[in-house]
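Residues per chain, in single letters:
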Amino acid sequence: MINTKEELFHDSNLSDFVESYRISIISKRDKWYSFSNITWNPYIREIGIYSFISFSDFLITGNQIIKDTVPKKSIGTQRYKYTIIQPLKESRLVYKESNFHASISLLDYFPYYELLYNKKPSTESFEHMIASYFTRCKSKVSVELHAKPKIIKKNFDCIGFKEHTWGLYPYSLINCDSRVVVHFRDQTIAFRYIEYNGTSFSYGCISRKNGNMALVLVELEFLSIKNAMLESSEFTYKDAQDDIDLIVSRPIKSQTIDVPKKVKKSHVHVVSFSDFTVIGTNKKGYGIEEHYISYDRLKNTL
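Conventions used here
- Residues numbered from 1 in each chain as written.
- Predicted model: local features only at pLDDT ≥ 70, side-chain atom pairs only at ≥ 80, totals over all residues.
- Heavy atoms only, no water.
- Buried < 20%, exposed > 50% of the residue type's maximum accessible area, 1.4 Å probe, protein only.
- Helix = DSSP H or I, 4+ residues; strand = E, 2+ residues; numbered from the N terminus.
- Pairing = 2+ DSSP bridges.
- Core = buried A, V, L, I, M, F, W, Y, C linked by side-chain atoms within 4.5 Å.
- Contact = heavy atoms within 4.5 Å.
- Phe/Tyr/Trp six-rings, centres within 6.5 Å; stacked < 30°, edge-to-face > 60°.
- Lys NZ or Arg CZ within 6 Å of the ring centre and 35° of its normal.
- Axes fitted to C-alpha atoms, helices over the stretch in contact; angles between N-to-C directions.
- Lys, Arg positive; Asp, Glu negative; His and termini not counted.
- Salt bridge = Lys/Arg side-chain N within 4 Å of Asp/Glu carboxyl O.
- Polar contact = N/O pair within 3.5 Å; in protein donor to acceptor, adjacent residues only side chain to side chain.

1. Describing the pairing of strand S12 (residues 174-183)
Here's step 1: Here S12 lies mainly inside the structure; nine of its 10 residues are buried.
Here's step 2: Alignment of S12 against strand S13 (residues 187-196), held across nine bridges, turns out to be antiparallel. Within S13, the residue paired with valine 182 across the bridge is isoleucine 189.
Here's step 3: Two strands pair when backbone bridges link them, and S12 and strand S19 (residues 283-294) are joined in this way by eight bridges, in the antiparallel orientation. The residue of S19 that forms the bridge with histidine 183 is tyrosine 286.

Printed below as a string of structure tokens:
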């Protein structure tokens, strides 16, 4: 079972060890879409912060590197800061630009879905390489945007999602790594699909306020990325009650994320806010998807 210490950053002397916090907040009504990925590489003592925000059709992106540092409960710079207020309960995001300021409070709301291993990470199989947990959150957003000729100020509540992952991540050996998060009124479907070293691995759940139902299998059916932009994706999933369905995405706003130098010629990394349809029930949702995939693998997804 997860404990509060796991919310804090982990240390390691392994060169492939990477830790990440992924945080997404969406309010279609208020035209707010934001995604942040904070990564920590303890081997080189480096923090990376990627942010992608769309608000009232204004696009703000950022990519910061902080060297020679050790993360604490508050991570970042004046431009971007993530603070863990109460582990596994409350956290806060702050964005500051010359014409833009936003403060976001995140309250962990749904039960955590956990993928935790006590043993030391091993590259024998992906399931022993990482540990992870995620939850749907309640988000309170306060934002001010100075956009000529007007100033836009808003305060609103919406859905958020937080994922914390740590472990070994050999970028060049991973053919595909897809994350999908789909929100509905009373539930969230979240899963991850990975192809590593010739085998596939997946995990995820259908999360509700009263508990989680595990997804026992996820399979990639279709993925189209052209000119470094996501066009569509399709995944089949099977839940713990043996129900099988297909979920199809329609991207709304897509962006490319820089990959490490050693895989610039072999891999692409995209993130997209998307609308989703569960084909079997025709249920409509919205959320975020992220795909890190080799160009060779991408040719075989069409």
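2. Things to note about the environment of glutamate 219
Here's step 1: Note that glutamate 219 resides in strand S15 (residues 211-226).
Here's step 2: With a relative accessible area of 39%, glutamate 219 lands in the partly exposed category.
Here's step 3: For glutamate 219 and lysine 162, which are 57 residues apart along the polypeptide, the C-alpha to C-alpha distance reads 23 Å.

3. Regarding the nonpolar core
Here's step 1: Core analysis: the biggest nonpolar cluster contains 37 residues, and Phe126 and Tyr203 have the highest contact counts within it.
Here's step 2: Sort the elements by how many residues they give to this core and strand S10 (residues 130-147) lands first, with four residues.
Here's step 3: If we skip the residues at most four places from it in the chain, tyrosine 203 touches Tyr113, Leu115, Ile130, Ser132, Phe134, Glu163, Ala190, Phe191, Arg192 and Ile194.
Here's step 4: Ranked by size, the runner-up nonpolar core spans 31 residues in total, among them Trp40, Leu93, Cys137 and Leu145.

4. Let's talk about the packing of aromatic side chains
Here's step 1: In this structure the tally under the stated criterion is 23 aromatic pairs.
Here's step 2: Centre to centre, the rings of phenylalanine 35 and tyrosine 50 are 6.2 Å apart; their planes meet at 55°, and the pair counts as tilted. Taken as a pair, phenylalanine 35 in strand S2 (residues 32-41) and tyrosine 50 in strand S3 (residues 46-55) lie far apart in primary sequence, 15 residues in all.
Here's step 3: Given a relative accessible area of 8%, tyrosine 50 falls into the buried group.
Here's step 4: Judged by centre distance (5.2 Å) and plane angle (40°), the ring pair of phenylalanine 52 and phenylalanine 273 falls under tilted. Linking phenylalanine 52 in strand S3 with phenylalanine 273 in strand S18 (residues 267-278), this pair joins segments that are 221 residues apart in sequence.
Here's step 5: Note on phenylalanine 273: relative accessible area 0%, which makes it buried.
Here's step 6: A cation sits over an aromatic face here: lysine 283 above phenylalanine 184, 5.0 Å from the ring centre.

5. Examining the sheet that holds S13
Here's step 1: The antiparallel closed barrel is built from eight strands, whose spatial order is S12-S13-S14-S15-S16-S17-S18-S19. The mean angle between the axes of side-by-side strands here comes to 25°, regardless of whether they run parallel or antiparallel.
Here's step 2: In this structure, strand S16 (residues 229-239) lies alongside strand S17 (residues 244-256), joined through five bridges in antiparallel fashion. The partner of phenylalanine 235 across the bridge, within S17, is isoleucine 247.

6. A short note on the side chain of glutamate 289
Here's step 1: On the secondary structure map, glutamate 289 appears in strand S19.
Here's step 2: Buried and without a salt bridge, glutamate 289 has arginine 250 as its closest oppositely charged side chain, separated by 9.8 Å.
Here's step 3: A polar side-chain atom of glutamate 289 sits 2.8 Å from a polar atom in the side chain of serine 249.
Here's step 4: Of the polar contacts made by the side chain of glutamate 289, one reaches the side chain of serine 274; its length is 2.7 Å.
Here's step 5: In contact with glutamate 289, other than residues within four places in its own chain, are Arg179, Val180, Leu230, Ser233, Ser249, Val270, Val271, Ser272, Ser274 and Phe276.

7. Here we look at the pairing of S13
Here's step 1: Taken across its 10 residues, S13 has 10 buried, putting it largely inside the fold.
Here's step 2: Burial of S13 is two-sided: the residues Gln187, Ile189, Phe191, Tyr193 and Glu195 facing one way and the residues Thr188, Ala190, Arg192, Ile194 and Tyr196 facing the other way are all buried.
Here's step 3: Bridging between S13 and strand S14 (residues 199-208) involves 10 bridges; their strand directions are antiparallel. For alanine 190, the partnering residue across the bridge sits in S14 and is cysteine 205.
Here's step 4: The hairpin formed by S13 and S14 contains two residues between the paired strands, and asparagine 197 there has a positive phi angle of roughly 55°.

8. A look at unusual backbone geometry
With the exception of glycine, most residues fall at negative phi, and the peptide bonds are largely trans.
Here's step 1: One non-glycine residue, asparagine 197, lies in the positive phi region at around 55°.
Here's step 2: In this structure, asparagine 197 sits in the loop between S13 and S14.
Here's step 3: Residue classification places asparagine 197 among the exposed positions, given a relative accessible area of 54%.
Here's step 4: Positive phi is not limited to glycine here, since asparagine 282 has a value of about 60°.
Here's step 5: Taking relative accessible area as the criterion, asparagine 282 reaches 49% and is therefore assigned partly exposed.

Scope: geometric values only; no functional claims are made or implied.
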